[in-house]
Amino acid sequence: MIENRPGAGGNIGAESVINSEPDGYTVLLVNPSNFINTSLYANMKFNFPRDVAPVASFVRVPNVMTVGKGVDAKTVAEFIVYAKANPGKVNMASAGTGTSTHLSGEMFMAMADIRMQHVPYRGAGPAVTDMLGGQVQVIFDSMPSIIPHIRSGALRALAVTSAIPSSQLPDTPTVGETVPGYEASALFGMAAPKNTSKEIIEKLNKEINAVLAEPGMQKQLVELGGEPVIGTPEAFGALIVAETEKWKKVIEGAAIEKVE
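Just so it is clear, the model here is predicted, and its values are computed rather than measured.

Analysis parameters
Counting restarts for each chain, with residues numbered from 1 along the sequence as it is written. In keeping with the predicted nature of the model, local features appear solely for residues at pLDDT of at least 70, side-chain atom pairs appear and are counted solely at 80 or more, and the whole-chain, interface and lining totals rest on all residues. With hydrogens and water stripped out, all remaining heavy atoms of the structure feed into the side-chain values. Here a helix means four or more residues in a row that DSSP labels H or I, a strand means two or more in a row labelled E, and each is numbered from the N terminus. Here the radius of gyration uses the C-alpha set of atoms, whereas the globule reference equals 2.2 Å times the residue count to the power 0.38. Relative accessibility decides the category of a residue: with a 1.4 Å probe and only protein chains considered, values under 20% of the type maximum give buried, values over 50% give exposed, and everything between is partly exposed. Residues count as neighbours in contact if any of their non-hydrogen atoms are within 4.5 Å of one another. Here, Shrake-Rupley sampling with a 1.4 Å probe gives the accessible areas, and only protein chains in the shown set may cover a residue. In summary, the charge assignment counts Lys and Arg as positive and Asp and Glu as negative, without counting His or the chain termini. By convention, the charge on Lys lies at NZ, on Arg at CZ, on Asp at CG and on Glu at CD. Whenever a nitrogen or oxygen atom comes within 3.5 Å of another N or O atom, the pair is scored as a polar contact, on the condition that within protein one atom can donate a hydrogen and the other can accept it, and that pairs from neighbouring residues in sequence are kept only if both atoms are in side chains.

Take the overall build of the chain next. What the chain contains, in helices and strands, is 10 helices and eight strands. For 260 residues, the compact-globule estimate of 2.2 N^0.38 gives 18 Å, and the C-alpha radius of gyration of the chain, at 19 Å, lies within 12% of that figure. Out of the 260 residues belonging to the chain, those deemed buried represent 48%. A separation threshold of at least 6 residues defines the contact pool for the chain, and within that pool the share at least 24 residues apart is 74%. When the accessible surface of the chain is totalled, it reaches about 12,600 Å², and 55% of it is carbon and sulfur. The chain carries 21 positive and 26 negative side-chain charges, and their two centres are separated by 3 Å.

Next up, the structure:
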């Protein structure tokens, strides 16, 4: 049974799982907000990396650095020149403050040494609508959300934010090819309450990895723009820590106000 527990950027659902019985029957779909919120929220009642038992990673999905037709830049390098020539005048859309789409852009600004005006929306839908209308010039949106508009020619992809190119946009380079060290992708997986037994964790991990290894499942994940990530609970735990630390640096570096 899937139970949605929205609210507080996903913190309500995460806290519910953290406080559940560690019996293997209540688990959490881990997503980027879990890594980001550790530093974004001021009064967290839990520490995500410390208070969950990593089970298995699922997939990494890149964002796509995308511009509208009103932007002449055809490459990341050209866009950086364009942004530096128009400091503070380039509008960067996002699905909301503190989202992966926002922080991917903040990290780009810091590493490329440019400034853009962040325009947060209530979700990716209205952000993309204004991209299509030309009210905002660039977005670092998720692959599944933005790729139909790229394929239609309505918007132009400059680069994917992952460390490696995407098979869904084979002619599109990575941001890191122009901005060395840049990598931002949405990591998904499963976690359980902290004191879940090793036997339960290993059983869940084995079953999840078996499903991820199925050709049909891999095909579906790749078609969504994702890269399947099959590994041990320990490997996923290390990824959780690394993602949390990465976004902490971005949030602190951009001086993003904490949510009370």
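As a further point, take the side chain of Ser 20. Among the secondary structure elements, Ser 20 is positioned in the loop between α1 (11-18) and β1 (28-30). At 2.6 Å, the side chain of Ser 20 and the backbone oxygen of Ser 16 are in polar contact. Discounting residues that sit within four places of it in the chain, Ser 20 has contacts with Thr 26 and Pro 193.

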